[in-house]
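Listed below are the residues making up each chain.
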Amino acid sequence: MRTANAVPVSLAEIARIAGVGRAAVSNWRRRHDSFPSRIGGTDVSPQFSLSEVERWLRDNGKLHDVAGREFLWPRFEALGSRDESGLAVAEAARRMRSPRARSHASDLSEEARDLAGEAARLGRSEGPRETFEFLLQRWLDTHVRQLSTTPTRLASLMARIALGARLGEGNGGLTVFDPACGTGHLAEAAAQEYAGPGLALLGCERDPALAALAAARLGFATEGRADVRAEIATADALRADPYPGLRADVALCNPPFNERDWGYEELATDQRWTHGLPPRTEPELAWVQHLLTHLRPGGTAVVVLPPAVASRRAGRRIRGSLLRTGILRAVVALPPGCAQPHSVSLQLWVLRTAPDGPVSGAQDALLVDATRLAKPGAREQGPDWDPLTDFVLSAVSQLDTPGSELPDGAVRIPLLDLLDDEVDLTPGRYTSVGGDPSGVELAASWEELTGSLGRLTELARHLSKLGLSAGESRTTATVGDLVKAGALTLRAGQQPAESAQPPLRDTGLPLLTVADLLMDGTPSTEVVPETAPTVAEEGDVVVAGVVRAFRAWVHEGPPIALGPQLHVLRVDSEKLNTHFLAGCLRAPSNGRQAGTHASSSSRVDIRRLHVLQLPLEEQAAYAEAFRHLTSFTRLLTRADALGGQLAGDIGDRLAAGGLTPPGR
């Protein structure tokens, strides 16, 4: 078993160290008796000694151009504490940039200080910044469930919006402020996007580990730039503001969401609440007003907010004040997947303080709905960033040009229309009315619907030719019988252990659950492959064993892990046709007969599902018919949705006089 000083590594980490796939490591373990013995973990997710693994890889010639930092990260992770490993990475970065600096990380254990020194020495030989970014990314991936970071592309978009929307120039260059900076993603983006002279990056973070990592990151990002100053304070910005007199040109922030203990009682009389005391349930509006306090006249803030902030009744008075004073200039609804939480359509609020001197008050607000730019089936990977960035920047660039043409999905709404009893700023409420489909889009929809109906007609004609059997009864076999006969194997999906989540970024395996099937069928999470006991490969038959989501299909594409109540059937190709099997299994009557109860939440006993008994050569014709039936069902669903959307669009346009009947 594990020794006191052994650093554990998983099969996935060994594969990453050796630069091979996980299957290769499993093969080494199976074929070589000399492969290190397991020191911990489980049979499904074993752990091995890092030192023994390194020795074995070297002795067997399995290391080819592997960077030394690959062996470093498991040792940082073995420190155990999230905070200590993070502070150790930050200390290593400080020593990489200042080789002669003495350690002042008094909170670190001796083991962590020694490891930071070793990492610094390695970083100076393999590249300080590359080594730091490698360790930082590993740390973020390991603790992603406890952290909320701003993805690089979103941070870049926010910085570009803010730089383009500010009025005038600050004195002596640009000052950028982030009062909840995390590991410094937004400040780094501002440094990359700003090309002018003189830059001050000021941040605040209450978590000491995050603050140290942010300082390290900005140290590398501004290296060699004499006119750049970066400073990160460790403090709770709302309760103990470390920059009380700061007036920044740009403020960027991705504040904590839904925090009830943000200081409501002790800050009730704070002078920052010029637009109203934020309700206890609206901490995000406290952060918004904190940002405004630190903007110079004409300065701009861009902040990431959950969509509920735009519509919750408790915050309507503050939203109204922000609109009446002309400070809230735009709200951008982003597609799901842009940042954590990935399933939510987050929003960007663009705020700007009034410049010095006379200025006409804002008469409208810009609302931008970019949710339609979501990438189908890719919530975790994020949207298609290039068109999303182009669309948002195109819309926001028209912020100060009344009367200019906006792209579809963006609309200017007069303040009088927004300042009602609700003060709902959700862009979709207004862009769905003001952003009617263009003539080109309507024509494309009609063309798609016509094509779908044409294919439906062809499939209907084909399926209608299926002949009735002569009346003789056909024999069937249950899935259980087929398993006993060796025609297929059956494995049930399981819930991975909590330790399996979150996965490392480059080793994640999509996990499909019944809840995903009831939504859009897209896996909403990932697991470490070694912790997934049931995986469907391409060509396997997958069956959902619950009445409300009962279905069966042939899996196509990369491997996918299966959660509870999902089953994978792998056939003997000399005995069964996979599409024939899936078609038989998904018959509605089959699922009803195999159901264990009458309720929709009951399970389906997969072993009791029946399969028609036919020779293999006859199964092919049935498989083709099942494929046609599947295509018919999908087209029918698509045509129904498309027809309903067209009917609604045309009804709206007719009622508004936007379409003219023939012969008018």
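Computed from a prediction, not measured in an experiment: that's the story for all the values here. (Residues numbered from 1 in each chain as written. Predicted model: local features only at pLDDT ≥ 70, side-chain atom pairs only at ≥ 80, totals over all residues. Heavy atoms only, no water.)

Observations regarding the overall build of the protein
- A count of helical and extended segments in the protein gives 21 helices and 22 strands.
- Across the protein, contacts joining residues at least 24 apart in sequence account for 73% of those joining residues at least 6 apart.
- Accessible area for the protein stands at about 31,700 Å²; split by element, carbon and sulfur atoms hold 49% of it. (Helix = DSSP H or I, 4+ residues; strand = E, 2+ residues; numbered from the N terminus. Contact = heavy atoms within 4.5 Å. Areas by Shrake-Rupley, 256 points an atom, 1.4 Å probe, with all protein chains shown as cover.)

Observations regarding the packing of helix α8 (residues 152–165) against helix α13 (residues 385–396)
- The interhelical angle for the contact between α8 and α13, taken along N-to-C directions, is 15°, at an axis separation of 11 Å. Here α8 lies roughly parallel to α13, going by the angle between them. In this structure, α8 meets α13 at a crossing whose hand is right-handed. From α8, Arg153, Leu154, Leu157, Arg160 and Ile161 reach across to α13, where they touch Trp385, Asp386, Thr389, Val392, Leu393 and Val396.
- Looking at the contact of α8 with α13, its residues break down into 7 nonpolar, 1 polar and 3 charged. (Axes fitted to C-alpha atoms, helices over the stretch in contact; angles between N-to-C directions. Parallel < 35°, antiparallel > 145°, perpendicular 65-115°, else oblique. Left-handed = near helix turned anticlockwise from the far one by under 90°. Nonpolar A, V, L, I, M, F, W, Y, C, P; charged D, E, K, R; others polar.)

Concerning the nonpolar core
- In this structure, Ile161, Leu252, Leu348 and Val392 are the most contacted members of the largest nonpolar core, which totals 51 residues.
- In contact with isoleucine 161, not counting residues within four places along its chain, are Val302, Leu348, Val350, Val392, Leu393 and Val396.
- Counting 39 residues, the second largest nonpolar core, distinct from the first, contains Ala237, Ala301, Leu351 and Ile413. (Core = buried A, V, L, I, M, F, W, Y, C linked by side-chain atoms within 4.5 Å. Buried < 20%, exposed > 50% of the residue type's maximum accessible area, 1.4 Å probe, protein only.)

Some points on the pairing of strand β10 (residues 347–352)
- The buried fraction of β10 amounts to 6 of the 6 residues, a majority that puts the element mostly inside the structure.
- In β10, alternate side chains face the same way, and those of Gln347, Trp349 and Leu351 on one face and Leu348, Val350 and Arg352 on the other are all buried.
- Examined bridge by bridge, strand β8 (residues 295–305) and β10 share 6 bridges and lie antiparallel to one another. Note that in β10 the partner of threonine 300 across the bridge is arginine 352.
- Pairing of strand β9 (residues 328–333) with β10, which is carried by 5 bridges, proceeds in the antiparallel orientation. Residue pairing for β10: valine 332 is matched across the bridge by leucine 348. (Pairing = 2+ DSSP bridges.)

Observations regarding helix α12 (residues 316–324)
- Of all the residues in α12, the buried ones are Ile318, Arg319, Gly320, Ser321, Leu322 and Leu323.
- On its buried face, α12 is in contact with α11 (283–293), β9, β10, β11 (364–369) and α14 (415–418).
- Looking at the residues trailing α12, positive phi occurs at glycine 326, about 75°.

Details of helix α6 (residues 110–126)
- For α6, which comprises 17 residues, the first-to-last C-alpha distance of 24 Å matches the rise-based estimate of 24 Å (1.5 Å per residue) to within 8%.
- Taken together, the buried positions of α6 are occupied by Ala112, Leu115, Ala116, Gly117, Ala119, Ala120, Leu122 and Gly123.
- Where α6 is buried, its residues meet α4 (69–77), α5 (82–97) and α7 (128–142).
- Immediately beyond the C-terminal end of α6, within one or two residues, lies glycine 127, with a positive phi of roughly 115°. (Expected span 1.5 Å × (residues − 1).)

Describing the environment of threonine 457
- Take threonine 457: it is sitting in helix α16 (residues 439–463).
- Among the residues examined, threonine 457 registers a relative accessible area of 42% and is labelled partly exposed.
- The spacing of threonine 457 and phenylalanine 632 is 175 residues in sequence and 9.2 Å in space, taken between C-alpha atoms.

Some thoughts on the layout of surface pockets
- Space inside the second largest pocket adds up to approximately 1,200 Å³.
- Lining the second largest pocket we find 33 residues, and of these Ala552, Trp553, Arg586, Thr630 and Arg634 sit closest to its centre.
- Put simply, the parts of the chain that give the lining of the second largest pocket at least two residues each are β15 (509–512), α18 (514–519), β19 (551–554), β20 (560–562), α19 (578–585) and α21 (616–655).
- Grouping the constituent residues of the lining of the second largest pocket by class yields 19 nonpolar, 8 polar and 6 charged. (1 Å grid on protein atoms, 1.4 Å probe; cavity = no way out; pocket = protein on both sides within 12 Å on 5 of 7 lines; lining within 4 Å. Points joined across faces, edges and corners; volume = space filled by probe spheres on them.)

Remarks on the side chain of histidine 185
- You can see histidine 185 is positioned in helix α9 (residues 185–193).
- Relative accessible area serves as the criterion here: at 12%, histidine 185 is assigned to the buried category.
- Here arginine 217 takes part through its side chain, which lies 3.3 Å from a polar atom of the side chain of histidine 185.
- Here histidine 185 is in contact with Leu140, Thr149, Thr150, Ala155 and Arg217, once residues within four sequence places are set aside. (Polar contact = N/O pair within 3.5 Å; in protein donor to acceptor, adjacent residues only side chain to side chain.)

Focus: the sheet that holds β19
- With antiparallel pairing, 4 strands are arranged side by side in an open sheet as β14-β21-β18-β19. Two strands close off the open sheet at either side, each with one partner strand: β14 (488–492) and β19. If you compare each strand with its neighbour and ignore which way they point, the axes differ by 20° on average.
- Note that strand β18 (residues 541–544) and strand β21 (residues 566–571) share 4 bridges and pair antiparallel. In the sheet register, valine 542 faces β21, and the bridge partner there is valine 568.
- In this fold α19 packs onto β14, β18, β19 and β21, with an angle of close to 170° to the strand it touches most, β19.

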